[in-house]
Amino acid sequence: MRAPKWQLPISESSLTKMTRDLDEAHREAVPVMRARAAEFSEELADTGIAQRPLGRRGFLVGGMGVGAALALAACSSSSSGSASSGSSAAAGTSGSASASSASKYTGDLKVVALATALENQAVGAYQAALTAATAGKLGTVPPAVATFVQTAMSQHQDHAKAWNAVLSGAGVPTITGVPLSNQAATLQALGAVTTVGGVANLALELENQAAQTYLFAAGNVSSAGGISTAASIAPVEAMHAAILQFVLGEYPVPDDFLGTSKAASASLLTV
Amino acid sequence: MGGEGIDTRLLTELTDQSQDLNSDAVRITREALGEFTEQQREVRASRGRGPGAMAAGLLGVGALLFGAGRANAASASPDSNDIMALQTAASIENLAVSVYTTAAGLSFIKSGNATVAAFITKTTAQHTAHAQAFNAAITQAGGKTQTGADPKYAAVVKAALPSIKAASDVVSLAITLEDVAAQTYTKYVSEVSATSLRTLFGSVAPVEAQHRSVLLAVQALLAGGDADLIAIPTNAAKLPSAAGSVGFPNSFYSTTSASPTSEGAVS
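Residues numbered from 1 in each chain as written. Chains lettered and ligands numbered in written order. Predicted model: local features only at pLDDT ≥ 70, side-chain atom pairs only at ≥ 80, totals over all residues.

**Here we look at the overall build of chain A**
1) Next: What chain A contains, in helices and strands, is seven helices and zero strands.
2) Next: Sequence-ordered secondary structure for chain A, helices as α and strands as β, is α-α-α-α-α-α-α.
3) Next: Within the span of chain A, comprising 271 residues, buried residues form 57% of the whole.
4) Next: Put simply, 85% of the contacts in chain A that link residues at least 6 apart link residues at least 24 apart. (Helix = DSSP H or I, 4+ residues; strand = E, 2+ residues; numbered from the N terminus. Buried ≥ 20, exposed ≤ 12 C-beta atoms within 10 Å, placed from the backbone. Contact = placed C-beta atoms within 7 Å.)

In structure tokens, the structure reads:
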């Protein structure tokens, strides 16, 4: 990334304090989420959802589960791709879970797997943006945008860790790549971007998709831990979206209520 | 942003564009409220068929209506807690509307940064919509609507009023209220029994979080002497580095300061 020519208009001490506050808040939040993830795993184990063979039950528990599965499938992403595997992350890693017609992820775990893949997709996208910026492919990158990318990427990594802790606790493989069928299209779109605004627009799509997916999940997963985890992440993705919209010159809070029309479909998952 | 920096035509255009997107969200909220009404009707009907039917309603039909995490707790009068949660949420919204309305009339807001004033107007309307949604759900559930303000935070506002001398003071107070609202609704997503109410609270919490996010950024810009950058569109190239991260300080939204469902309940 090119060295910023712009001078910091606030004092270094103010910035240091803000950064320290940020770090402290972050450190306070992460242990709580780890605890929630552990509780969620125990819940899944208690209810027998963890490691349940495919076919014994539907998407979730009982009739509600089937309904939720159908609803989630119907709630498809507008950016579906055509990749056959879609398991390559932007950073080049592949998912630790191998693609299979008989998914290891059923019930609530399918939602968790989808969430993990979406988080990894966001991390990969931001990493790709940083790489492109460093290579000078995006022109001059405003300092605030660089900070945004690094901070948002870190938070998405935290989200992925929380969801992977649930998968690990449930005895199924963690997801380190992006096993989504739209990943190839996402990578293609990222590769074609030549401006900061273009990256910001793509990031905005991913953030809105994530926030709305979590809203849908909060209303449709059956475990209390899953509900609370999804509920605690959705606002953060929405906050990312608000700042992105501000940077893009758009009104940052355009909607009275978060919708679900941009939520990702579980059918995107390729594992 | 100096008031001269704002392109109000663009703001109007953007607001118009958002209406299409927002209509989808409003539709979802209405559907959630309708679903909630239906759920309440079925639960009440099951109760009217004796203890056995009631158990079936709460544990059998409940499997359809309620998340498993709350299914067992649903047997302990889920309706009353749901209604209290809605009433407390409405009380927080009512307070927010009151504070923003008052703020809009302050001389230093009216003659100050035009984007801040526009944000206050838009945010007031959004909180009004939230209050209406919560009260509509209360009505549909057979409860008493909440037209008053949250007592705990009304006291906080009252104590803060004498010290409000500038836009930064308003922003600081608004951040407190938006954070309480976001934390409370985030927590209620897990606490309410009806699935549709999980969606309702889940659809409002991120919007309050976005309000807070914007206010945190505005607060940082005001503190840094960059009021001219509080504009739509802003000059992204001139934004301080911290503006890219100050708006979202946590990886996960905390609920430690969430209000209990009883806080704003109508007695």
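**Some points on the nonpolar core**
Considering soluble globular proteins, one finds that nonpolar side chains tend to be buried as a cluster.
1) Next: In this structure, A:Ala113, A:Leu114 and B:Ala217 are the most contacted members of the largest nonpolar core, which totals 144 residues.
2) Next: Here this core takes 16 residues from helix H3 (residues 108–134) of chain A, the largest share from any one element.
3) Next: Dropping the residues within four chain positions of it, B:Ala217 is found in contact with A:Ile243, A:Phe246, B:Ala243, B:Val246 and B:Gly247. (Core = buried A, V, L, I, M, F, W, Y, C linked by C-beta atoms within 7 Å.)

**A few points about unusual backbone geometry**
1) Next: Cis geometry marks the peptide bond from B:Ile232 to B:Pro233; its omega dihedral reads -5°.
2) Next: For B:Pro233, the position within the fold is in the segment after helix H9 (195–223).

**Side note on helix H8 (residues 167–191) of chain B**
1) Next: Here H8(B) is 25 residues long and its end C-alpha atoms lie 36 Å apart, about the 36 Å a rise of 1.5 Å per residue gives.
2) Next: Burial analysis of H8(B) places 20 of its 25 residues in the buried class, the great majority of the element. (Expected span 1.5 Å × (residues − 1).)

**Let's talk about the environment of B:Tyr153**
All names here are of chain B.
1) Next: Locating Tyr153 in the fold gives a position in helix H7 (residues 151–160).
2) Next: A count of 22 C-beta atoms within 10 Å places Tyr153 in the buried class.
3) Next: Sequence separation of Tyr153 and Ser251 is 98 residues, and the distance between their C-alpha atoms is 26 Å.
4) Next: Setting aside its immediate chain neighbours within four residues, Tyr153 contacts Ile92, Leu95, Leu177 and Val180.

**So, the packing of helix H6 (residues 196–220) of chain A against H9(B)**
1) Next: H9(B) packs onto H6(A) with a crossing angle of 155° between their chain directions and a minimal axis gap of 8 Å. Between H6(A) and H9(B), the crossing angle belongs to the class labelled roughly antiparallel. Our pair here, H6(A) against H9(B), has a crossing hand that is right-handed. Between H6(A) and H9(B), the contacting residues are A:Ala211, A:Leu215, A:Ala218 and A:Gly219 on the first element and B:Thr195, B:Arg198, B:Thr199, B:Gly202, B:Ser203 and B:Pro206 on the second.
2) Next: Classifying every residue of the contact of H6(A) with H9(B) gives four nonpolar, five polar and one charged. (Axes fitted to C-alpha atoms, helices over the stretch in contact; angles between N-to-C directions. Parallel < 35°, antiparallel > 145°, perpendicular 65-115°, else oblique. Left-handed = near helix turned anticlockwise from the far one by under 90°. Nonpolar A, V, L, I, M, F, W, Y, C, P; charged D, E, K, R; others polar.)

**A few points about the environment of A:Leu130**
Residue and element names in this part refer to chain A.
1) Next: With respect to the secondary-structure elements, Leu130 resides in helix H3.
2) Next: Residue Leu130 is classed as partly exposed on the basis of its 18 C-beta neighbours within 10 Å.
3) Next: Sequence spacing of Leu130 and Val141 is 11 residues, and the spatial spacing of their C-alpha atoms is 9.8 Å.

**A look at the environment of B:Val157**
Residues and elements named next belong to chain B.
1) Next: With respect to the helices and strands, the residue Val157 is situated in helix H7.
2) Next: Val157 sits in the partly exposed class, given 19 other C-beta atoms within 10 Å.
3) Next: Note: C-alpha distance between Val157 and Val97 (60 residues apart in sequence) is 12 Å.

**Quick look at helix H7 (residues 224–247) of chain A**
All names here are of chain A.
1) Next: With 24 residues, H7 extends 36 Å from end C-alpha to end C-alpha; this agrees with the ideal 34 Å at 1.5 Å per step.
2) Next: Of all 24 residues in H7, 24 are buried; the element is thus mostly enclosed.
3) Next: Of the residues one or two after H7, Gly249 is the one with positive phi, at around 85°.

**Brief notes about the packing of helix H4 (residues 143–169) of chain A against H7(A)**
Residue and element names in this part refer to chain A.
1) Next: The geometry of H4 relative to H7 is characterised by a closest axis approach of 11 Å and an angle of 165° between their N-to-C directions. The orientation of H4 relative to H7 falls into the category roughly antiparallel. At the point where H4 passes H7, the crossing takes the left-handed sense. Contact with H4, carried on its side by Ala144, Val145, Phe148, Ala152, Gln155, His159 and Ala162, involves Thr229, Ile233, Val236, His240, Ile243 and Val247 of H7 and no other residues of that element.
2) Next: Along the lines of polarity and charge, the residues of the contact of H4 with H7 split into nine nonpolar, four polar and no charged.

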